[in-house]
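Fold and geometry: a report
Residues per chain are reported as follows:
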Amino acid sequence: MLEKECLFRSPLLLCILVGFLLLPVVSAVIPLGSKLSVVDNNCWVSSNGDFAFGLFNISDEPNQFSAGIRFNSKSIPYDQQTVVWVAGAHDKVSNMSYFQLTPEGELILFDSLKGFIAWRSGTGNRAVASAALRDNGNLVLIDTKQNIIWQSFDTPSDTLLPGQSLSVYETLRATTKNPMSSSYTLYMNPSGQLQLRWDSHVIYWTSESPSSASNLTAFLTNGGALQLQDPSLKAVWSVFGEGHNDYVNYRFLRLDVDGNLCLYSWIEASQSWRSVWQAVENQCKVFATCSQRGVCIFTASGSTDCWCPFEVTESNQCLVPYEQECESGSNMLMYKNTYLYGIYPPDDSVVISSLQQCEQLCLNDTQCTVATFSNNGRPQCSIKKTKYVTGYAVPSLNSISFVKRCSGPFAVNPGLTKSPPPKLPRRLCVPCLMGAVSGTFLIFANPPAWNYFHHLQKKKLHYAKCCYSFHKPKCKRLKCVLLLRNQEPHWGSQGSNWAKHVQGCATEQSPDCS
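Residues numbered from 1 in each chain as written. Predicted model: local features only at pLDDT ≥ 70, side-chain atom pairs only at ≥ 80, totals over all residues. Heavy atoms only, no water.

Notes on the overall build of the protein chain
When helices and strands are tallied, the protein chain shows 6 helices and 36 strands. Taken across its 514 residues, the protein chain has 44% of its residues classed as buried. Taking as baseline every contact in the protein chain between residues at least 6 positions apart, the subset at least 24 positions apart corresponds to 53%. About 27,900 Å² of surface is accessible on the protein chain, with carbon and sulfur atoms providing 54% of the total. (Helix = DSSP H or I, 4+ residues; strand = E, 2+ residues; numbered from the N terminus. Buried < 20%, exposed > 50% of the residue type's maximum accessible area, 1.4 Å probe, protein only. Contact = heavy atoms within 4.5 Å. Areas by Shrake-Rupley, 256 points an atom, 1.4 Å probe, with all protein chains shown as cover.)

This is the structure:
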């Protein structure tokens, strides 16, 4: 076992191995009393160098560290060295914390800032002699006879490595900022089936299992196959992806944060991880993929996106707009090729009905918010009684959903209804009236002003006649120009300017000509 100085970068756990000339090789065995800390920045490395264990920061929260195992091969770039196991379901500690194999043979994660043990293996006084990080990524505690007292393979977080199994009642839990409240889990039920679950009881994917099989265990092979094995290690069910049994150095199975179970292989040519199999082919059919962000749809590029056909709240939630108290009744909006379901709570009542009956059932039920009609050989209608609704829309989907809304612009709470304010008569604008009277008096009482006003009106009349004559094919445009020029003694230079303007318009040289 190599103990080396490590540098763990955020957002991924990164370990830089320092050369052998700088740090000595301690041992292939981790002795009792060994300690790792954030301050010392050290880690335990498997003998083949493929895996490393240490304290790291993979979240966007500063000074928050977890203890776990990641890939460490030099052939994998730093930003691709994926975390495969975390102690204590992603428990986080401060930057003054440490991880230790105590003299009593127990692994502990101690938060020095808060002064308590965040996680422990529970192996104190069980004759543990040492620890080791094996070449397959399994951290083990062993006694003097090399018997395994405890191993990380028995307490998986969100990932299975080749050679690792999942027994009945065991789970993988998807990583979130608060993993203990993560909604997505992979569960091995007593019947020997793998189930993808949301919120512990909504099952949206189940593996096949022979009815006669019992005491099955899920197992990831070195060749990249996910199997259900009986007690004799015989595979009774298996799935595998691209490159099965090909020469691939590194693989893992992970329950991703989006709720899908995926098998990944390391591709040397592209220097990246590639998903070669996933449990739910259509990501939109993973329960609550969009959660409170609307309806799952496929983009032109083939990726998924969330679209809100309802109302978006200030907290960016997509909620059904219906309220039970509507001033002018309610009606139904129809969404074709769309399947909607409730998530809080996720319980829908299902009845057999026609399309028209399904719509009417929801419309007549004051608590119903959404109804979805589907006919896959059996016509049925599911009724939702919650505003927290999500779903998916696919052009080939044989489902129609109805969303209830108030007929008026908004719902009315009778206790808050107020009468509209009375309309007041328009007020008389006295200053406006005085200004109009004064202006009229000045024009008619002042002879020069009256003459100018009179000639201005006369000039506009001649100009209007000229423009009108241009639209008559038998009328010569020059006549209009001469008419304006004849007015020059009365209009002065303005008459000449008007004549030039009309002549330009007549010859279509003026930009103002329309």
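Alright, that's what it looks like, and here's the rest.
Observations regarding the sheet that holds strand β24 (residues 261-267)
Read across the open sheet, the 4 strands follow the order β14-β23-β24-β25; overall the sheet is antiparallel. Two strands in the sheet have a free side with no partner beyond their single neighbour: β14 (159-160) and β25 (272-278). Two strands pair when backbone bridges link them, and strand β23 (residues 251-255) and β24 are joined in this way by 5 bridges, in the antiparallel orientation. Note on β24: the bridge partner recorded for Phe-252 is Tyr-264. (Pairing = 2+ DSSP bridges.)

Here we look at the state of the cysteines
Using the criterion set out here, one finds 6 disulfides in the structure. Disulfide pairing places Cys-284 opposite Cys-296 at an S-S distance of 2.0 Å. Note on the Cys-284 and Cys-296 pair: the S-S dihedral is about -70°, so by sign convention the disulfide is left-handed. With Cys-284 in the loop between β25 and β26 (295-298) and Cys-296 in strand β26, the pair connects residues that are 12 residues apart, well separated along the chain. What makes Cys-284 buried here is its relative accessible area of 1%. Here Cys-296 falls in the buried class, since its relative accessible area comes to 0%. (Disulfide = S-S within 2.5 Å.)

Thoughts on the pairing of strand β5 (residues 51-56)
Regular strands place their side chains on alternate faces of the sheet. When you tally the buried positions in β5, you get 6 out of 6 residues, the bulk of the element. The alternating pattern of β5 places Phe-51, Phe-53 and Leu-55 and Ala-52, Gly-54 and Phe-56 on opposite faces, both of which are buried. Taken together, the 3 bridges between strand β4 (residues 42-45) and β5 define a ladder with antiparallel strand orientation. Counted as the bridge partner of Cys-43 is Gly-54 from β5. Once β4 ends, the chain turns through 5 residues before running back antiparallel as β5, passing Gly-49 with a positive phi of about 80°. Examined bridge by bridge, β5 and strand β6 (residues 66-71) share 6 bridges and lie antiparallel to one another. In the sheet register, Gly-54 faces β6, and the bridge partner there is Gly-68.

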